[in-house]
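Summary of structural features
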Amino acid sequence: MKINGLDVDLKLTLGSFSAVILLGIVAVLYPEGTKATMGAMLDFTVKNLGPGFLWYTLFATGLLLFLALSKYGNIRLGGDKPKFNKFQLFAMALSAGLGASTMYWGFIESTYYFMDPQFGIVDKPMAMEYASAYNMFHWGAAGWFVYLIVAVPFCIAFYIRGERKLSLSGVVNIMFDGILPVWAQKLIDLLFIITTLAATALTLGLAIPMISSNISSLTGIPDSLLMGIGIIVALSIVFSLSSYIGVEKGMARLSNATIYICAAFVGLTFVIGPSALILNNTTNAIGIMLTEYLRMSTNTDPFGTTLFPQYWTIFFLANWISYSPGIGVFITKIAKGHKLRDLVLVLVSAGTLGTSITFGVLGTFTMNLQNTGVVDAVGLINSGQPTQLVAEVFGSTPFPMVMTFVYLITMVLFTVTTLDGTSFSLAGIATKKLDKDANVSPMFRLFWCLLLAVVPIVFLLIRAKLNILKSFPVLIIVPMMPLFAVLAYRTLGYIQKTFGHMDGKEIEAYSIEVSKSQEL
């Protein structure tokens, strides 16, 4: 079917959407059986296959650093005129790749780590220090390397090899010289879209309760199912408008605004909080994270009993990996004109620094309230009340309503930009051929916006817990992770074969020439 002149795959789109809805229906009809089955499969995966996720991440780290710091970092993607400057590149990638989750976990996650310290730490102050460091590690460089190890093959396939099909199967197929059977291509794309829909619905499952709780605090309107549905509809209208007017005018401006408002919120928290403590702990945590990076990257706690690495580090990495093809599509769109080196180093360094500051400020603020007895963060976490914890954190400030309002705006904007980026990625993957600028049909993006809104609404209406979806991306990504590793290896081989005999300047000139010739 053609929409705005672009050939789209509606069978793939509707098939993946139906599969996710079917999962929700099964969960309603057989709640205990679904929960037990998914839980057992997740347990087996993180306990027995967990080291595979760690080694995959280290492989991604080593390969990307080699590409970025070697002469191959001079490869220009799509010509010599960047479509977006480096700040816009960072802002849009951060907004699409992290989004509302940073705001959800910002005030609460370090408390979980404080409750379950690693490396045999029993000293309370040291446990708090390492809790902040682990927070930064889980949201830092490792995740960006996992995103980029898939994004780089997409970029090379699109800008250097001229592949105009930005589906995961299309990129795999061209890097394997067209030998992938059609049925295998369809299966790869189906699994990816199902995973992305499930992961996005889960993201909304975290964001919506936090947003509705804060709206209730501000307005006094009871937090209810109707409010949750209303929030999803309102968010959908905003990101649909942004999607329709395009990445350049919509997502770029919205992402810039989101980063500025988030920075203002973090700055406000720093000013009204124990500023000296926040500065000291953030600095100290960055130091711990850097010095313990390899240890955290390989920690499996084999003789421990709490399974902290399995249900935090490995689960985090698995979710990063499940999002990587979608973020790879989006990064390809915004990377045009940038060097491969800049793409890797800007996103990894700026992304890590940004999240380290955010989690350092917000997490330290909460732990100080726990340490001084103002807020029982541990008790609220143990009783399953994370939204109440955030409310009590704001209640401890001189102007709780202002904090709640700014926090709410930040979370809404992050949610909108995440969904906006996801709608582009899904539309790109389900489009059989894109133009030279990786544009997708605005109407097809709107169609995906509708589907992204419908999934969580259906789950709410049939009273299926979105939490059942948390295992799904992890389970599907297990057989696909070796595929990503081989894809990256094949891409490296292609780069070395094509550019190996050139020096840095020749590589840049040749890649620009290739990109321009493809646009003719």
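The structure displayed is predicted, hence computed values, not measured ones.

A closer look at the nonpolar core
- Of all hydrophobic cores here, the largest spans 166 residues; its most connected members are Ile75 and Phe107.
- With 18 residues, helix H8 (residues 141-160) is the largest single contributor of residues to this core.
- Apart from residues lying up to four places away in sequence, phenylalanine 107 is in contact with Phe265, Thr269, Leu362, Phe365, Thr366, Leu389, Val390, Val393, Phe394 and Tyr407.

Quick notes on the side chain of arginine 76
- Positionally, arginine 76 belongs in the loop between helix H3 (50-69) and helix H4 (86-97).
- On the basis of relative accessibility, which here comes to 16%, the residue arginine 76 falls in the buried class.
- Leave out the neighbours within four places in its chain, and arginine 76 touches Pro82, Ile160, Gly337, His338, Lys339, Glu508, Ser511, Ile512 and Ser515.

So, helix H7 (residues 124-138)
- For H7, built from 15 residues, the straight-helix expectation of 21 Å at 1.5 Å per residue is met to within 8% by its first-to-last C-alpha distance of 21 Å.
- Counted residue by residue, H7 has 11 buried out of 15 residues, so it is predominantly covered.
- Of the positions making up H7, those classed as buried are Ala127, Met128, Tyr130, Ala131, Ser132, Ala133, Tyr134, Asn135, Met136, Phe137 and His138.
- Where H7 is buried, its residues meet helix H6 (109-115), helix H13 (275-291), helix H14 (293-298), helix H15 (308-334) and helix H16 (340-371).
- Structurally, the start of H7 carries an N-cap: the backbone nitrogen of methionine 126 is 3.1 Å from a side-chain oxygen of aspartate 123.

Some thoughts on helix H2 (residues 31-48)
- With 18 residues, H2 extends 26 Å between its outermost C-alpha atoms, agreeing within 8% with the 26 Å of an ideal straight helix rising 1.5 Å per residue.
- Along H2, the residues that are buried comprise Thr34, Met38, Leu42, Thr45 and Val46. With its buried residues spanning 85 degrees around the axis, H2 presents them on a single face.

Description of the packing of aromatic side chains
- Going through the model one piece at a time under the given rule, you end up with 28 aromatic pairs.
- A centroid spacing of 5.3 Å and a plane angle of 75 degrees characterise the contact between tryptophan 139 and phenylalanine 316, whose relative ring orientation is edge-to-face. In this pair, tryptophan 139 sits in the loop between H7 and H8 while phenylalanine 316 sits in helix H15, placing the two residues 177 residues apart along the sequence. The pair tryptophan 139 / phenylalanine 316 is uniform in exposure class, with both members buried.

Some remarks on the environment of valine 375
- Relative to the helices and strands, valine 375 is located in the loop between H16 and helix H17 (377-382).
- Taking relative accessible area as the criterion, valine 375 reaches 3% and is therefore assigned buried.
- Here the alpha-carbon distance between valine 375 and leucine 389, two residues 14 residues apart in the chain, equals 7.9 Å.
- Other than its neighbours up to four places away in sequence, valine 375 contacts Leu369, Gln370, Leu380, Leu389 and Glu392.

Concerning the pattern of salt bridges
- Within the structure shown, the criterion is met by four salt bridges.
- A salt bridge links glutamate 508 to arginine 76; its shortest N-O distance comes to 3.0 Å. Separated by 432 residues along the polypeptide, glutamate 508 in helix H22 (residues 504-519) and arginine 76 in the loop between H3 and H4 bring together distant segments of the chain.
- In this structure, glutamate 508 engages lysine 339 in a salt bridge whose closest nitrogen and oxygen atoms are separated by 3.7 Å.

A word on the confidence of the model for the protein
- Mean pLDDT for the protein: 82, with 88% of residues reaching 70 or above.
- Mean pLDDT across the elements of the protein ranges from a minimum in strand E1 (residues 2-3), with 49, to a maximum in H13, with 96.

A short note on unusual backbone geometry
- Notably, phenylalanine 119 is not glycine yet its phi reads approximately 60 degrees, a positive angle.
- Note on placement: phenylalanine 119 falls in the loop between H6 and H7.
- We classify phenylalanine 119 as partly exposed; its relative accessible area is 22%.
- For aspartate 301, which is not glycine, the phi torsion reads 45 degrees and is therefore positive.
- Note on placement: aspartate 301 falls in the loop between H14 and H15.
- Residue classification places aspartate 301 among the partly exposed positions, given a relative accessible area of 26%.

Some words on a nonpolar patch on the surface
- On the surface, a cluster of nonpolar side chains totalling about 490 Å² of accessible area is made up of Leu22, Ile25, Val26, Leu29 and Tyr30.
- Within the fold, tyrosine 30 resides in the loop between helix H1 (10-29) and H2.
- A relative accessible area of 55% means that tyrosine 30 is categorised as exposed.

Quick word on the packing of H3 against H8
- Their axes nearest at 9 Å, the elements H3 and H8 cross at an angle of 65 degrees. One way to sum up the angle between H3 and H8 is to call them roughly perpendicular. Relative to H8, the crossing made by H3 is left-handed. Between H3 and H8, the contacting residues are Tyr56, Thr57, Ala60, Thr61, Leu63, Leu64, Leu65 and Leu67 on the first element and Ala142, Phe145, Val146, Leu148, Ile149, Val150 and Val152 on the second.

Thresholds, definitions, all that
Residues numbered from 1 in each chain as written. Predicted model: local features only at pLDDT ≥ 70, side-chain atom pairs only at ≥ 80, totals over all residues. Heavy atoms only, no water. Core = buried A, V, L, I, M, F, W, Y, C linked by side-chain atoms within 4.5 Å. Buried < 20%, exposed > 50% of the residue type's maximum accessible area, 1.4 Å probe, protein only. Helix = DSSP H or I, 4+ residues; strand = E, 2+ residues; numbered from the N terminus. Contact = heavy atoms within 4.5 Å. Expected span 1.5 Å × (residues − 1). Polar contact = N/O pair within 3.5 Å; in protein donor to acceptor, adjacent residues only side chain to side chain. Arc of directions from axis to C-beta. Phe/Tyr/Trp six-rings, centres within 6.5 Å; stacked < 30°, edge-to-face > 60°. Salt bridge = Lys/Arg side-chain N within 4 Å of Asp/Glu carboxyl O. pLDDT = per-residue confidence, 0-100. Patch = residues over 30% accessible without salt bridge, like charges linked within 9 Å, V, L, I, M, F, W, Y side chains within 5 Å. Areas by Shrake-Rupley, 256 points an atom, 1.4 Å probe, with all protein chains shown as cover. Axes fitted to C-alpha atoms, helices over the stretch in contact; angles between N-to-C directions. Parallel < 35°, antiparallel > 145°, perpendicular 65-115°, else oblique. Left-handed = near helix turned anticlockwise from the far one by under 90°.

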